[in-house]
Amino acid sequence: MQIATQIPESLSLPWRITQYIFPCPSLLSSDQWQPGMLPLFSSRVGSAPSSDIKKDNSGVVEGDPKPCCNCLGRDTIANAAARVGPAVVNLSVPQGFYGITNGKSIGSGTIIDQDGTILTCAHVVVDFQGMRGSVKGKVDVTLQDGRTFEGTVVNADLHSDIAIVKIHSKTPLPTATLGSSSKLRPGDWVVAMGCPLSLQNTITAGIVSCVDRKSSDLGLGGIRREYLQTDCAINAGNSGGPLVNVDGEIIGVNIMKVLAADGLSFAVPVDSVSKIIQHFKKSGRVVRPWLGLKMVDLNEMIIAQLKERDNTFPNVNKGVLVPMVTPGSPADRAGFRPGDVVIEFDGKPVESIKEIIEIMGDRVGVPMKVAVKRAKDNLVTLTVIPEESKSDM
């Protein structure tokens, strides 16, 4: 399966802003656009909560009326941003044609290791859809303390839109901590950080709107992906910046927004990012097994509806429905049929596509036993050998 080469017009995937040598709108006036060059701003952020905030031994801020566990306090968002802020960087990639540089593409990133590892979006630092290219994989990196470095693009995966840039520093670098996105719930507070329009150290806050927004919901084809949806304000240049929880941990990487609406922004969950980083360390790329199946998670309501339509539908209370099999694919050769319900994969009970993906991991060329139920409760065991997903990206 290949990712769609056309991005829906309603989605803005490349949240980068290009600075050309001709004048562009200035941000100096809020009520009227003025001609002028868009400058690169740099400012500092404290690495710890303000020292003038007094706390007792229990950590309670003096003067707070009724402190309680897990409450959103006066300084909750500010403290979370202060923990991550120093590690958020501005990324600038020269672009042009035939060796002639005519501007720069701007994005964001986060230092996640003392060795200079920077987490960002692939479309910020790598040629996307053949429209531009960086100069020998080099990226200009600016920290919030004013230091500048030349970074190198080490790894990039355009399916997930995740990339790793590396810088080398003789002095210590600020870092941010990767958290977990598995326990996020709709309504949880989050903070988006980055350098929109090159305005370094920009922070916006909002909530998690959805924890598992599917790529198909957004009209994106190809390999199945899930995103965190938030209502944080995101603009051009935020690409690659961190989405942070109230504990000051990275729980996502900002990636895209809906152009025709406000408050519809999306991030790659950090749990997915962590797996991608593991792939990078292990093989230098992301290895994705391919079966050639279109799959749908089943629940009680969907099963009841399918049984109403067809009384021969298998008697199951969970599983994964196969509505389509790609001709000539590993699944086709294994004997899968449209209408099959996968109940076991490699000897383990499954009830979601995510579980099947996790079981496969990066195992390519390894035979796996799959138990499926067919019409009239016919139980069949198939052997499928996943192939590595091939694509132009």
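Provided above is the structure to which this section pertains.
Residues numbered from 1 in each chain as written. Predicted model: local features only at pLDDT ≥ 70, side-chain atom pairs only at ≥ 80, totals over all residues. Heavy atoms only, no water.

Scanning the protein from terminus to terminus reveals six helices and 25 strands. With 393 residues in all, the protein has 44% of them scored as buried. Considering only contacts in the protein between residues 6 or more positions apart, those separated by 24 or more positions represent 62%. Per element, the accessible surface of the protein, about 20,000 Å² overall, is 52% carbon and sulfur. (Helix = DSSP H or I, 4+ residues; strand = E, 2+ residues; numbered from the N terminus. Buried < 20%, exposed > 50% of the residue type's maximum accessible area, 1.4 Å probe, protein only. Contact = heavy atoms within 4.5 Å. Areas by Shrake-Rupley, 256 points an atom, 1.4 Å probe, with all protein chains shown as cover.)

Glycine aside, negative phi is the norm for most residues, and most peptide bonds take the trans geometry. Not every positive phi belongs to a glycine, and D161 is a case in point at roughly 65°. Assignment of secondary structure puts D161 in the loop between β9 (148–157) and β10 (162–166). Despite not being glycine, K376 shows a phi value in the positive range, around 60°. Within the secondary structure layout, K376 lies in the loop between β23 (368–374) and β24 (378–384). K376 gets classed as exposed once you look at its relative accessible area, which sits at 72%.

What follows is about the pairing of strand β12 (residues 189–194). The buried fraction of β12 is high, at five of six residues. In this sheet, strand β13 (residues 202–214) lies alongside β12 in antiparallel orientation, the contact comprising six bridges. In the strand pairing of β13, V191 is matched with A205. (Pairing = 2+ DSSP bridges.)

Over its 14 residues, helix α3 (residues 270–283) runs 20 Å from end to end, which matches the ideal 20 Å to within 8%, given 1.5 Å per residue. Of the residues making up α3, those classed as buried are V270, V273, I276, I277, H279 and F280. All buried residues of α3 project into a common sector of 160° when viewed along the axis, lining one side. Those residues of α3 that are exposed and aimed more than 90 degrees away from the buried face are Q278 and K282. (Expected span 1.5 Å × (residues − 1). Arc of directions from axis to C-beta.)

Tracing the backbone through its elements, the reader meets V384 in strand β24. Apart from residues lying up to four places away in sequence, V384 is in contact with L291, P330, A331, A334, F336, F345, V366, P367, M368 and V370.

Our next topic: the environment of G107. Among the structural elements, G107 can be located in strand β6 (residues 100–111). In sequence terms G107 and S239 are 132 residues apart; their C-alpha atoms lie 5.3 Å from each other. The contacts of G107, once residues within four sequence positions are left out, are V89, N90, L91, V124, G237 and S239.

So, on to the side chain of S265. Summarising the element assignment, S265 is placed in strand β17 (residues 265–269). Judged by its relative accessible area of 4%, S265 falls in the buried class. Within the structure, S265 has its side chain in polar contact with the backbone oxygen of C232 (distance 3.1 Å). (Polar contact = N/O pair within 3.5 Å; in protein donor to acceptor, adjacent residues only side chain to side chain.)

Another aspect to go through is the pairing of strand β8 (residues 138–142). Relative to β9, β8 runs antiparallel, the two sharing five bridges. Across the sheet, K138 pairs through a bridge with T152, a residue of β9. Once β8 ends, the chain turns through five residues before running back antiparallel as β9, passing G146 with a positive phi of about 95°.

Across all of its chains, the model carries 13 salt bridges by this definition. Across the salt bridge formed by K282 and D362, the nearest N and O atoms sit 2.9 Å from each other. Residue K282 is found in helix α3, and its partner D362 is found in the loop between α6 (353–360) and β23; the two are separated by 80 residues along the sequence. For D362, a relative accessible area of 25% translates into the label partly exposed. In this structure, D346 and R363 form a salt bridge, with 2.9 Å as the shortest nitrogen-oxygen distance. Residue D346 is located in the loop between β21 (340–345) and β22 (348–349), and its partner R363 is located in the loop between α6 and β23; the two are separated by 17 residues in the primary sequence. What makes D346 partly exposed here is its relative accessible area of 23%. Exposure remark for R363: the relative accessible area of 29% places this residue in the partly exposed category. (Salt bridge = Lys/Arg side-chain N within 4 Å of Asp/Glu carboxyl O.)

This paragraph deals with the environment of Q200. Of note, Q200 is situated in the loop between β12 and β13. Residue classification places Q200 among the buried positions, given a relative accessible area of 5%. Along the primary structure Q200 and T142 are separated by 58 residues, whereas in three dimensions their C-alpha atoms are 9.2 Å apart. Separated by 3.1 Å, the side chain of Q200 and the backbone oxygen of T142 make a polar contact. A distance of 3.3 Å separates a polar atom in the side chain of Q200 from the backbone oxygen of L143.

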